[in-house]
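# Summary of structural features
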Protein chains: 2
Amino acid sequence: MAKTKLTAISGFPEFLPPEQILFAKVLDIIREGYELYGFSPIETPAVERKEVLTSKGGNEKEIYALSRLAAGEGENPNTELALHFDLTVPLARYVAMHKNKLTFPFRRYQIQKVWRGERSQAGRSREFYQCDIDVIGRGSLSLLTDAEIPSIIYQIFRRMKIGPFVIRINNRKILQGYFQSLGIQADQIDGITRIIDKLEKMGTEKVVSELTNKTALEKATAQQMIDFLGNELKTDDMLTQLNSMSQINEQFSQGVKELASVVEGIRNFRVPEASFKIDLSVARGLDYYTGTVYETVLVEHPGIGSICSGGRYDDLASFFTNEKLPGVGLSIGVTRLVSQLIEDGLLKKGAATVAQVLVASMDENRTSDYLRMGTELRNAGIPTEVYLEKARIGNQLKYADKKGFKIAIIAGENEFSENTVQIKDLITGEPIVCPLTDMVQQVKKSLSAQESKL
Amino acid sequence: MAKTKLTAISGFPEFLPPEQILFAKVLDIIREGYELYGFSPIETPAVERKEVLTSKGGNEKEIYALSRLAAGEGENPNTELALHFDLTVPLARYVAMHKNKLTFPFRRYQIQKVWRGERSQAGRSREFYQCDIDVIGRGSLSLLTDAEIPSIIYQIFRRMKIGPFVIRINNRKILQGYFQSLGIQADQIDGITRIIDKLEKMGTEKVVSELTNKTALEKATAQQMIDFLGNELKTDDMLTQLNSMSQINEQFSQGVKELASVVEGIRNFRVPEASFKIDLSVARGLDYYTGTVYETVLVEHPGIGSICSGGRYDDLASFFTNEKLPGVGLSIGVTRLVSQLIEDGLLKKGAATVAQVLVASMDENRTSDYLRMGTELRNAGIPTEVYLEKARIGNQLKYADKKGFKIAIIAGENEFSENTVQIKDLITGEPIVCPLTDMVQQVKKSLSAQESKL
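Report follows, based on the coordinates.

## Observations concerning the overall build of chain A
Within chain A, the regular secondary structure consists of 16 helices and 16 strands. Along the longest, intermediate and shortest principal axes, the C-alpha atoms of chain A span 90 × 65 × 45 Å. Expressed as a percentage of the 454 residues in chain A, the buried residues total 59%. Surface summary for chain A: the accessible area is close to 19,000 Å², and the carbon and sulfur share equals 47%.

Quick look at the structure:
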């Protein structure tokens, strides 16, 4: 029979076990971090109605629609459904639809795959995980919530141990007020903001030239704008300068007030000064942010770009309900993040198994004993595999080594006759012989000795 | 602006937070159970190439294909991709594709959504989670692996605390040998097996009548078959009877030997006698099982049907590789399971928040103190929300009650002036006033007191 051809599908990443185990650990850290702050999980279907996904317009090309592969006679193969491209539109639909069953402020996290039908490019996935949190108020939402988000980021990325990072904070009202003061029309602001957002990637010169080419800005104004947005003052000096400019207009002054209040909150949340800063060039391309915006970068690995981003929006669900639902949220694009952290050596791939102990099988007549040892270790909460095939002990140890087990339990005729067991540390290679009754304790001791050496 | 209409999409279930939190807990129990036995996670993309999904044929109607919602000019909106309808075909593709980078026996679990484009019926989802484990050998795989699966089932469902259950075990070789002995042609066996599989749902009479109508079987033979398959002997008596029939043919005798060996293994894995039994009527509709098959039912809730099922197959990936890859696996259809367990009152929905403690905000000037309390509790690993809005304490306690917090921390002028804090048990309603420095300890004490009362 002809075999079906197997090749990777570009843009749809798939990990081998060592990467997958690491990826699962990162997801656990994020999930625990979100839950520690009282964000509760929700999950929405992978699909929404097409009209829900397109209610904002502009991204139809990215969206994958579903059709029945082989519809029956007289059936329409097309469905009304399409895969979600982010978790914000589904959240808006969820909150609008269930709002009378939810308690506000509604605090949820959502860790799910999203799909984007882009042509695949290097580093661009068409399927990836997003880890989002959002707090949604009914009518209003305290600015303290904007300050809470950086403390969640801080806590999560500290626990990931990927080196120093800085959460860059800005407020879109400051940008918009400033732009207005330069005589820029309201309908140009979004376009300019999107260009500004590339400042770090493209550098000042290119951004100035793109600004003068693509907008009506003169070069001097563009340069002045970049000088203002790119300035690198310390937090309090920045706030002093912004305050001194408050007369620019109402919008600007409101943004400065909000930013100052968010900074005060961040300090109250005990985020260290070194982990956050005001950066006026952070604009976020997405036009639904209306106030605070965030981006986070790794200090020693700026090339990775922003590892998470988010912000405040006036109204989550205006396409679905007349009720005002302001919110603030954050998204971690974790598939790309983990791939890059592995590539840059910031996260180390480990074992190909989640089990720590392999019970080797030396003697077929002792199967019952080996299985009992496995059960005892599992009952003590230690992930354990019993080797169930027939193989020489050398091959079993090779298997243990390839998969990355930490300890092997070995018992043959000698051990059984003396009621002992050999506990082999697979990292140091050292064997310890102990009474069978001490097996679980000794395994725990050896595992924690290994951990303390890491 | 006209609002987009919002209604649920039939067949795509979506939980509110209390159900979602419960669902996540069940997934955690399953995941931990799999990992305890050394099964490691893998994840495959939600999509595969159409030709991979259809390589076995027969289920095209169920498959959702992807197309670009709005392809550019000259672009073909159709893609080569479709959503997976189970996790076995993706596993087969994964193992065949990566086999030289995997270590065998390959033990993986996979917890992912699958999609089936069926017309929606009551209780039938078009999107749901499957939790699968499989062990894949290269060339061969020990029968002990077949015995390990029931011990995993036993351990997981015991921890779920959903009442007594029985793992029903059979071997398809016994069925096939027996059918052959009745003169049933090989090409009829799958059809008959599928009818037999309905025995429990439809009862003897209907199955006999379906067998005589849809196959060439005479009524007497059909009745004799059902009597044999439906007999309710104890495990050892069943094995004795099956052994005494071993002369039937080679196929039958081979099946009996395997079954006896699997039963011995299950006992060695310490699965209690009450939790498993031989049931000759378990056939599993799917034609890829070739040996051991399993189904599990809740003793006191037979209406729920099988809560997990699986079996042994000779060759996982014959469509993709010439290499022989025998395996044994198990699948839990957890979306339907959890919905039914909630409906039948076997799992109780709990709080709408994962946080245990709510720090109330009594005095705006003390925000910094409230936030510090939250940080202290989180640093001790206690999921905590600080109430960030302005609201009267009564409304804050209503919020705590609605969401299901367990403890509220209350501190106003009195408490601050005395360096104390009020810890209110939201289940008993009892307040405890303690020194601020003892807050974390007292919260832990109150939480564990609550737990011990459950």
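## Comments concerning the interface of chain A and chain B
Size of an interface: often given as the accessible area lost when the parts come together. The partner chain B presents 107 residues to the 107 residues of chain A that form the contact. A buried area of about 9,600 Å², summed over both sides, lies between chain A and chain B, and 59% of it is on carbon and sulfur atoms. Our count for the contact surface shared by chain A and chain B stands at 8 salt bridges. Here Glu385(B) and Arg107(A) are joined by a salt bridge, their closest N and O atoms 3.5 Å apart. Across the chain A-chain B interface, the total number found is 51 residue pairs in polar contact (both at pLDDT 80 or more). Here the side of chain A that touches chain B takes 7 residues from helix 1 (residues 17-36) of chain A, the largest share from any one element. Partitioning the side of chain A that touches chain B into residue classes produces 50 nonpolar, 29 polar and 28 charged. Pairing geometry for strand 3 (residues 64-68) of chain A and strand 3 (residues 64-68) of chain B, over 5 bridges, is antiparallel. Counted as the bridge partner of Ala65(A) is Ser67(B) from strand 3 of chain B.

## Points about the pattern of salt bridges
Considering all chains together, one arrives at 50 salt bridges over all chains under this definition. Its salt-bridge partner being Glu127(A), residue Lys113(A) comes within 3.1 Å of it at the nearest N-O pair. Residue Lys113(A) is located in strand 5 (residues 106-115), and its partner Glu127(A) is located in strand 6 (residues 127-136); the two are separated by 14 residues in the primary sequence. Taking relative accessible area as the criterion, Lys113(A) reaches 13% and is therefore assigned buried. Of the residues examined, Glu127(A) reaches a relative accessible area of 3% and is grouped as buried. Glu323(B) is the salt-bridge partner of Arg138(B), the closest N and O atoms lying 2.5 Å from each other. Of this pair, Arg138(B) sits in the loop between strand 6 (127-136) and helix 4 (144-160) while Glu323(B) sits in the loop between strand 10 (308-313) and strand 11 (327-332), placing them 185 residues apart in sequence. A relative accessible area of 34% means that Arg138(B) is categorised as partly exposed.

## Notes on the pairing of strand 16 (residues 431-435) of chain A
Residue and element names in this part refer to chain A. Where strand 15 (residues 420-425) and strand 16 come together, 5 bridges link them in antiparallel fashion. Across the sheet, residue Lys424 finds its bridge partner in strand 16, namely Pro431. Two successive antiparallel strands, strand 15 and strand 16, enclose a turn made up of 5 residues, where Gly429 displays a positive phi of approximately 85°.

## Let's talk about the packing of helix 4 (residues 144-160) of chain A against helix 11 (residues 250-268) of chain A
Residue and element names in this part refer to chain A. The geometry of helix 4 relative to helix 11 is characterised by a closest axis approach of 8 Å and an angle of 50° between their N-to-C directions. Here helix 11 runs oblique to helix 4, going by the angle between their axes. Two packed elements cross with a definite hand, and for helix 4 against helix 11 that hand is right-handed. Touching Leu144, Asp146, Ala147 and Pro150 of helix 4 are Val262, Gly265 and Ile266, all from helix 11. Partitioned by chemical class, the residues of the contact of helix 4 with helix 11 number 5 nonpolar, 1 polar and 1 charged.

## Quick word on the relation of the copies chain A and chain B
When chain A is fitted to chain B, the best match, at an RMSD of 0.1 Å, comes from turning it 180° and sliding it 0.0 Å along the axis. This pairing of chains is accounted for by a two-fold axis. Of every C-alpha in chain A, the one belonging to Leu66(A) sits nearest the axis of rotation, 2.5 Å from it. Here 100% of the interface residues in chain A have copies in chain B that are interface residues too; the copies meet face to matching face.

## Topic: unusual backbone geometry
The amide bond that connects Phe104(A) to the next residue, Pro105(A), takes the cis arrangement and shows omega of -5°. Considering the arrangement of structural elements, one finds Pro105(A) in the loop between helix 3 (88-98) and strand 5. Not every positive phi belongs to a glycine, and Lys161(B) is a case in point at roughly 55°. Accessibility expressed as a relative area gives 70% for Lys161(B), which makes it exposed.

## Comments concerning the nonpolar core
Grouped together as the largest cluster of nonpolar side chains are 102 residues, with contacts concentrated most on Tyr34(A), Phe157(A) and Ile409(B). For this core, the element with the highest residue contribution is helix 4 of chain A, accounting for 9 residues. Contacts of Tyr34(A), omitting those with residues within four sequence positions, involve Phe39(A), Tyr109(A), Cys131(A), Asp132(A), Ile133(A), Ile152(A), Ile156(A), Leu330(A) and Ile332(A). If you look at the next biggest cluster of nonpolar residues, it comprises 101 residues, including Met439(A), Phe23(B), Tyr37(B) and Ile226(B).

## Let's talk about the sheet that holds strand 4 (residues 78-83) of chain A
Taken in spatial order, the 6 strands of this open sheet run 2(A)-4(A)-3(A)-3(B)-4(B)-2(B), and their pairing is antiparallel. At either end of the open sheet lies a strand with only one pairing partner, and these are strand 2 (47-49) of chain A together with strand 2 (47-49) of chain B. Adjacent strand axes in the sheet meet at a mean angle of 45° when their direction is disregarded. Strand direction decides the pairing type here: strand 2 of chain A and strand 4 of chain A, joined by 3 bridges, are antiparallel. Within strand 4 of chain A, the residue paired with Val47(A) across the bridge is Leu83(A).

## A look at the packing of aromatic side chains
This structure, assessed with the given rule, holds 31 aromatic pairs over all chains. Between Tyr178(A) and Phe179(A) the ring centres are 6.3 Å apart and the planes differ by 50°, which places this aromatic pair in the tilted class. Each member of the pair Tyr178(A) and Phe179(A) is classed as buried. In textbook terms, an aromatic cluster arises when at least three aromatic residues are bridged by ring pairs, as seen for Tyr178(A), Phe179(A), Phe228(A) and Phe252(A). Between Arg366(A) and the ring centre of Phe416(A), over which it is positioned, the NZ or CZ distance is 4.1 Å. The aromatic ring of Tyr37(A) is capped on one face by Arg378(B), whose charged end is 3.7 Å from the ring centroid.

The rules we used
Residues numbered from 1 in each chain as written. Chains lettered and ligands numbered in written order. Predicted model: local features only at pLDDT ≥ 70, side-chain atom pairs only at ≥ 80, totals over all residues. Heavy atoms only, no water. Helix = DSSP H or I, 4+ residues; strand = E, 2+ residues; numbered from the N terminus. Buried < 20%, exposed > 50% of the residue type's maximum accessible area, 1.4 Å probe, protein only. Areas by Shrake-Rupley, 256 points an atom, 1.4 Å probe, with all protein chains shown as cover. Contact = heavy atoms within 4.5 Å. Buried area = accessible area lost by both parts, 1.4 Å probe. Salt bridge = Lys/Arg side-chain N within 4 Å of Asp/Glu carboxyl O. Polar contact = N/O pair within 3.5 Å; in protein donor to acceptor, adjacent residues only side chain to side chain. Nonpolar A, V, L, I, M, F, W, Y, C, P; charged D, E, K, R; others polar. Pairing = 2+ DSSP bridges. Axes fitted to C-alpha atoms, helices over the stretch in contact; angles between N-to-C directions. Parallel < 35°, antiparallel > 145°, perpendicular 65-115°, else oblique. Left-handed = near helix turned anticlockwise from the far one by under 90°. Least-squares fit on C-alpha atoms with pLDDT ≥ 70 in both. Core = buried A, V, L, I, M, F, W, Y, C linked by side-chain atoms within 4.5 Å. Phe/Tyr/Trp six-rings, centres within 6.5 Å; stacked < 30°, edge-to-face > 60°. Lys NZ or Arg CZ within 6 Å of the ring centre and 35° of its normal.

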